[in-house]
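This is what each chain is made of:
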Amino acid sequence: MAEGTLERTLVLIKPDGVKRGYVGEILARFERKGLKIVAARLVQVVPELADRHYAEHQGKPFYPSLVQHITSGPLLALALEGRAAISVVRLMIGATNPQTAAAGTVRGDLALSMTQNLVHASDSPASAERELSLYFRAEDYHAYSRSDEGFV
Ligand code: CMP
C-alpha cells in the first residue's frame, strides 16, 4: 500500500558541508532512506539569492552571519523526491541547533554550530515550492526509476 503523498523538497548542503568533505556522507543518508535525487546543482550563492531565500529572517540578529556563511563558498542544492519527503528530510537533518539535535540526525551527528549547521531543508509544502524555484528551473529536473521503488 502506498503511504504518504509524493513530495519534492529542497535540501542545501551548505558551504561548511562542502568544505568539511561531508557531501557524500550527507547525501548517502538520503539515498539510503530511499529518497530520489531529481535535481542537483553546485551553486555559489550571491547575496541577492541569500536575501530571497532567507527573507523571513531579515532583521534578526543572526541574519548577517547567516548570509555571510551561505555565500562563503559553493553549496550543493538538491531536489529530493519521495513519500512525505518534506517531513522525512526535516526529521533526518535534526533541530536547527546542532547542540540539541538528536543523535542519528545529520546535525546531531556532525555539527556543533548554529550558523554552520551543515544543511538546510524546506519546512512545508509552500516553502518547498518557493525554495525549489529559487535554485531550479523546470528543465533541471530528471524523471527516472530507482531499482528499489517497490520497497520505498
Ligand atoms: P537553516 O535551516 O538554514 O534556516 C535558517 C538558518 O538560520 C538556520 O538554518 C541557522 O543556520 C540560522 N539560525 C537560525 N536561528 C539562529 C540563531 N538563533 N542564531 C544563529 N543562527 C540561527
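Residues numbered from 1 in each chain as written. Predicted model: local features only at pLDDT ≥ 70, side-chain atom pairs only at ≥ 80, totals over all residues. Heavy atoms only, no water.

(A) View of the environment of Arg8. Among the structural elements, Arg8 can be located in strand S1 (residues 6-13). Judged by its relative accessible area of 33%, Arg8 is partly exposed. Here Glu81 takes part through its side chain, which lies 2.9 Å from a polar atom of the side chain of Arg8. (Helix = DSSP H or I, 4+ residues; strand = E, 2+ residues; numbered from the N terminus. Buried < 20%, exposed > 50% of the residue type's maximum accessible area, 1.4 Å probe, protein only. Polar contact = N/O pair within 3.5 Å; in protein donor to acceptor, adjacent residues only side chain to side chain.)

(B) Quick look at the pattern of salt bridges. Taken as a whole, this structure holds seven salt bridges when the rule is applied. Notably, a salt bridge pairs Glu81 with Arg8, separated by 2.9 Å at the nearest N-O pair. One end of the pair, Glu81, is in strand S3 (residues 74-83); the other, Arg8, is in strand S1, with 73 residues separating them in the sequence. Among the salt bridges present, the one from Arg29 reaches Asp109, with a minimum N-O distance of 3.1 Å. One end of the pair, Arg29, is in helix H2 (residues 23-33); the other, Asp109, is in helix H6 (residues 106-110), with 80 residues separating them in the sequence. (Salt bridge = Lys/Arg side-chain N within 4 Å of Asp/Glu carboxyl O.)

(C) Layout of the domain arrangement of the chain. Under the domain assignment used here, the chain contains domain 1 (41-75) and domain 2 (78-138). Placing the centre of domain 1 and that of domain 2 at their C-alpha centroids yields a distance of 15 Å. Contacts between the two partners involve 10 residues from domain 1 and, on the opposite side, eight residues from domain 2. Taking both sides of the interface into account, the surface hidden between domain 1 and domain 2 amounts to around 980 Å²; carbon and sulfur atoms contribute 54%. (Domains from an automatic or database assignment. Contact = heavy atoms within 4.5 Å. Buried area = accessible area lost by both parts, 1.4 Å probe.)

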